[in-house]
Amino acid sequence: MAQPSTLYRFRVDLSDVDRGVYDQLDFRTAMHPSESMPYLFTRAIAFALNSGEGLEFSPTGLGDPDAPAMSITNPGSGRVSLWVEIGNPSPKKLHKASKAAESVKVYTYKDPTLIQKECQGQNVHRAEEIEIYAIDPKFLEKLSENVQREVKWSLLLHDGALTINWGDHHESCELKIYYLT
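Student: In this structure, what is going on with the environment of N50? I would like to understand it.
Tutor: Relative to the helices and strands, N50 is located in the loop between α1 (37–49) and β3 (56–57). A sequence separation of 34 residues divides N50 from V84, and the C-alpha atoms of the two residues are 8.8 Å apart. Residues in contact with N50, not counting those within four places in the same chain, are R19, L55, I72, L82, V84, K105 and Y107. A distance of 2.8 Å separates the side chain of N50 from the backbone oxygen of A46, its partner in a polar contact. Side-chain polar atoms of N50 contact the side chain of K105, separated by 2.9 Å.

Student: Help me understand the pairing of strand β8 (residues 150–158) in this model?
Tutor: Note on strand geometry: in a regular strand, side chains alternate between the two faces of the sheet. Alternating residues of β8 divide into V151, W153, L155 and L157, all buried, and E150, K152, S154, L156 and H158, none buried. For strand β1 (residues 6–16) and β8, the ladder comprises 8 bridges, and the chain directions are parallel. Within the sheet, the bridge partner assigned to D13 lies in β8 and is S154. Bridge count for β8 against strand β9 (residues 161–166) is 5 bridges, and the pairing is antiparallel. Along β9, the bridge assignment pairs L157 with L162. Connecting the antiparallel pair β8 and β9 is a turn made up of 2 residues, with D159 showing a positive phi of about 50°.

Student: Before we go on, may I ask you to explain the sheet that holds β9 in this structure?
Tutor: Strand pairing in a sheet relies on backbone hydrogen bonds. The paired strands run either parallel or antiparallel. Judged by pairing direction, the sheet is mixed, and its 5 strands sit side by side in the order β2-β1-β8-β9-β10 without closing on themselves. The sheet is open, and its two edges are formed by β2 (21–31) and β10 (169–174), each paired on a single side. Taken pair by pair, the neighbouring strands of this sheet meet at an average axis angle of 20°, ignoring direction.

Student: Is there a simple way to explain the side chain of K105 in this structure?
Tutor: Topologically, K105 is positioned in strand β6 (residues 101–108). Buried within the structure, K105 lacks any salt-bridge partner; E131 is the closest side chain of opposite charge, at an N-O distance of 4.3 Å. Aside from chain neighbours lying at most four places away, what touches K105 is N50, L82, W83, V84, E85, E131 and Y133.

Student: Which parts of the structure should I look at to understand the sheet that holds strand β5 (residues 80–86)?
Tutor: With mixed pairing, the 6 strands of this open sheet are ordered in space as β3-β4-β5-β6-β7-β11. If you trace the sheet from one side to the other, it starts and ends with β3 and β11 (176–179), each paired once. Note: β6 against strand β7 (residues 131–134), 4 bridges, orientation parallel. Along β7, the bridge assignment pairs Y107 with Y133. Where α1 meets the sheet, it contacts β3, β4 (70–73), β5 and β6, and its direction lies at approximately 155° from that of β5.

Calculation notes
Residues numbered from 1 in each chain as written. Predicted model: local features only at pLDDT ≥ 70, side-chain atom pairs only at ≥ 80, totals over all residues. Heavy atoms only, no water. Helix = DSSP H or I, 4+ residues; strand = E, 2+ residues; numbered from the N terminus. Contact = heavy atoms within 4.5 Å. Polar contact = N/O pair within 3.5 Å; in protein donor to acceptor, adjacent residues only side chain to side chain. Buried < 20%, exposed > 50% of the residue type's maximum accessible area, 1.4 Å probe, protein only. Pairing = 2+ DSSP bridges. Axes fitted to C-alpha atoms, helices over the stretch in contact; angles between N-to-C directions. Lys, Arg positive; Asp, Glu negative; His and termini not counted. Salt bridge = Lys/Arg side-chain N within 4 Å of Asp/Glu carboxyl O.

Below, the structure written as structure tokens:
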């Protein structure tokens, strides 16, 4: 019998100074049994940093390898305006994403040069426009300590510095931005 997913609730006081977005977010996401805590927290951070009207997690989660981790679809045209991937997506998936969406972003807790190297010599549509956001794995490990199923964060992004406060703890790291090519 397969293990069930675990549901996490995130309440995030967002201060994204870099985008000029200040909001209170309340969202739930399921952690698949094969998913790691750094992957889950990378998804939550990506969701917060891309929050906007229509942002949705993939309805099938990890069950559909061709779907984005999260996206925004324009209700008028049906076109995907934002496609977000987590981890280390394949060149084939990035090619598909950049053909289907106006903007593609990857949030990774792994070495971003691995994605760049894997895509070298591959046919990836608009590769030079694909943004890769690297989050320090040690930062995510600190967030994972003593995690509860209801997570309350105060998240600040200012000049590329990402700071998360929860309870009487806080952690910071640089959110490094790379491009696929």
